[in-house]
Amino acid sequence: MQASAHTPRPPQVLRVVMYHYVRDLPNTPFPRIKGMLLDDFRTQVNDLKSRYEMATLESALAYLNGAYAPNRDMCLLTFDDGLKEHFREVTPILADAHVQGVFFLITGCLEDQTVAPVHMNHFLMASLDFDSYRRAFLERLRDLDAEAPDPVAVPAATAARIYPWDTPDIAAFKWYFNFRLDSSLRDEVVSSLFREHLGAENAFSRELYLNWAEAREMRLANMALGGHSHRHRPLSGMPEVEMDWDLSMCRRLLDHHLGPQQYLPFCYPYGKHDSFNSHTISMLKQLSFACGFSTESGDNQPGTQLFSISRIDCKRAGERHSALGGAQ
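Remember, it's a predicted structure, so these values are computed and weren't measured experimentally.

Caption draft 1: Looking closely at the nonpolar core. Tyr-19, Phe-41, Leu-77, Leu-94, Tyr-133 and Phe-137 are the most contacted members of the largest nonpolar core, which totals 91 residues. When residues of this core are assigned to their parent elements, the largest contribution, 7 residues, is made by helix H12 (residues 240-258). Look past the residues within four positions of Tyr-133 in its chain and what remains in contact with it is Asn-121, Leu-124, Met-125, Leu-128, Phe-173, Phe-177, Val-190 and Leu-193. In this structure, Leu-14, Val-16, Leu-64 and Val-102 belong to the second largest nonpolar core, which totals 18 residues.

Caption draft 2: Molecular detail of the pairing of strand S5 (residues 224-227). In S5, alternate side chains face the same way, and those of Ala-224 and Gly-226 on one face and Leu-225 and Gly-227 on the other are all buried. Direction of pairing for strand S4 (residues 101-105) relative to S5: parallel, over a ladder of 4 bridges. From the neighbouring strand, Val-102 faces S5, where its bridge partner is Ala-224.

Caption draft 3: Structural view of the packing of aromatic side chains. Applying the stated rule across the entire model yields 21 aromatic pairs. Between Tyr-19 and Phe-79 the ring centres are 4.8 Å apart and the planes differ by 10°, which places this aromatic pair in the stacked class. With a gap of 60 residues between them, Tyr-19 in strand S1 (residues 14-19) and Phe-79 in strand S3 (residues 74-81) connect regions that are remote in the sequence. Summarising the burial analysis for this pair, Tyr-19 and Phe-79 share the class buried. Joined through ring pairs, the aromatic side chains of Tyr-21, Phe-30, Phe-123, Phe-194 and Phe-204 make up one cluster. Sitting above the plane of the Phe-289 ring, Arg-251 keeps its charged end 5.6 Å from the centroid.

Caption draft 4: Representation of the confidence of the model for the protein within the structure. In this model, the protein carries an average pLDDT of 93, and 94% of its residues clear a pLDDT of 70 or more. Counting contacts from residues 321-327, a segment whose pLDDT is below 50, to residues more than four positions away or on other chains yields 25 contacts.

Caption draft 5: The arrangement of the packing of H12 against helix H13 (residues 278-286) in detail. Where H12 meets H13, the axes come as close as 10 Å, and the angle between the chain directions of the two elements is 35°. Every pair of crossing elements has a handedness; the one defined by H12 and H13 is right-handed. Contacts between H12 and H13 involve Glu-240, Met-243, Asp-244, Leu-247 and Ser-248 on the former and, on the latter, His-279, Thr-280, Met-283 and Leu-284. Within the contact of H12 with H13, the residues separate by chemical class into 4 nonpolar, 3 polar and 2 charged.

Caption draft 6: The arrangement of the pattern of salt bridges in detail. In this structure the tally under the stated criterion is 18 salt bridges. The shortest N-O distance in the salt bridge between Arg-88 and Glu-89 comes to 3.4 Å. You can call Arg-88 partly exposed: its relative accessible area is 46%. If you follow the salt bridges from partner to partner, you end up with Arg-186, Asp-187, Arg-231, Arg-233, Glu-242 and Asp-246 in one network.

Caption draft 7: Quick peek at the pairing of S4. Across the 5 residues of S4, 5 count as buried, placing the element largely inside the fold. Taken together, the 5 bridges between S3 and S4 define a ladder with parallel strand orientation. Across the sheet, residue Phe-79 finds its bridge partner in S4, namely Phe-103.

Caption draft 8: Structural context of the environment of Leu-25. Structurally, Leu-25 can be placed in the loop between S1 and helix H1 (38-51). Accessibility expressed as a relative area gives 6% for Leu-25, which makes it buried. Those residues within four positions of Leu-25 in sequence are excluded, and the remaining contacts are Phe-30, Pro-31, Ile-33, Gly-35 and Leu-37.

Caption draft 9: Region of the structure containing the side chain of Ser-248. As for its placement among the helices and strands, Ser-248 is situated in helix H12. Apart from the residues lying within four places of it in its own chain, the contact partners of Ser-248 are Met-283 and Leu-287.

Caption draft 10: Broad picture of the packing of helix H5 (residues 117-127) against helix H8 (residues 168-180). Direction vectors running N to C along H5 and H8 enclose 150°, while the axes themselves pass 11 Å from each other. With respect to H8, the element H5 is oriented roughly antiparallel. The chirality of how H5 crosses H8 is right-handed. Contact residues: H5 offers Pro-117, Val-118, Asn-121, His-122 and Met-125, while H8 offers Ile-170, Phe-173, Lys-174, Phe-177 and Asn-178.

Caption draft 11: Expanded view of H12. An ideal rise of 1.5 Å per residue puts 27 Å on 19 residues; H12 measures up with 27 Å between its terminal C-alpha atoms. If you check which residues of H12 are buried, you get Met-243, Asp-246, Leu-247, Ser-248, Met-249, Cys-250, Arg-251, Leu-253, Leu-254, His-257 and Leu-258. Next to the buried residues of H12 lie S4, helix H4 (107-112), helix H11 (212-220), S5, strand S6 (265-267) and H13.

Caption draft 12: Seen up close, the state of the cysteines. For the structure shown, the criterion picks out 0 disulfides. Considering cysteine sulfurs only, Cys-267 is the nearest to Cys-250, which forms no disulfide, with 11 Å between them. Residue classification places Cys-250 among the buried positions, given a relative accessible area of 0%.

Scoring rules and cut-offs
Residues numbered from 1 in each chain as written. Predicted model: local features only at pLDDT ≥ 70, side-chain atom pairs only at ≥ 80, totals over all residues. Heavy atoms only, no water. Core = buried A, V, L, I, M, F, W, Y, C linked by side-chain atoms within 4.5 Å. Buried < 20%, exposed > 50% of the residue type's maximum accessible area, 1.4 Å probe, protein only. Helix = DSSP H or I, 4+ residues; strand = E, 2+ residues; numbered from the N terminus. Contact = heavy atoms within 4.5 Å. Pairing = 2+ DSSP bridges. Phe/Tyr/Trp six-rings, centres within 6.5 Å; stacked < 30°, edge-to-face > 60°. Lys NZ or Arg CZ within 6 Å of the ring centre and 35° of its normal. pLDDT = per-residue confidence, 0-100. Axes fitted to C-alpha atoms, helices over the stretch in contact; angles between N-to-C directions. Left-handed = near helix turned anticlockwise from the far one by under 90°. Nonpolar A, V, L, I, M, F, W, Y, C, P; charged D, E, K, R; others polar. Salt bridge = Lys/Arg side-chain N within 4 Å of Asp/Glu carboxyl O. Parallel < 35°, antiparallel > 145°, perpendicular 65-115°, else oblique. Expected span 1.5 Å × (residues − 1). Disulfide = S-S within 2.5 Å.

Pasting the structure below:
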């Protein structure tokens, strides 16, 4: 039956799409990294432009605050981790399409030329046979601490929810790596394996992440930049003093290297609702961040809490409704 001309139109929504790796994967040294191919990204940007009003950070916040009423659904593109391809390949594609991207930087990786442990884990899994890598990791872990937690106790449903694109074994190992282990112990183990198999951390960091000069060029191309913490650790697992230091350092370095930005956004590492807490939000507000993006899946409407903005994984950006979101 044809809808009545008086049938109320569904309210507009803001869809925030999240990306991580966007690269020509088959022609890179790490073709097994999970990401979006460049050609697929170009196609997706054009498709989203045809279906949505492409938002800027400013218009998205105005919409969420009830100060702007679009004629159709809005879409905002966000990019986590400050990767080199975000400067080299993604920004030119967006600039040519007259679309703004919002890019979240791990300030410690840019400032100190380190590699975040989460990325060490990605590239080791992309370089080695997974079973061999997991076995080597656990053996080295036991050598350092015979009382380290047992990976068998990983909650399978939780791991699958956070890592829906991975096999159960890989999802379980990622959860164990990112959320269960003591961070200092984990970092010592993964850093030693990284040096052994992939070489010097600082040289790898320079190739993996953009630098501050490139970030400033992105600003000139009308891209928006924000914080993704200083060390990319689950914030809710930190003592409050450590969390405050991490967030303050992130803000200080963004201000020092990039100068003022009308709206400075933040993106929570890992991003699920249990990866940040009320103290995190309070500290972000105190530091004058404008909003916080999660990895909880869904669309947003006016009244959405500005420090709990939902996003959709890029693999599901074209779906009208989604119950899944990706993580690292």
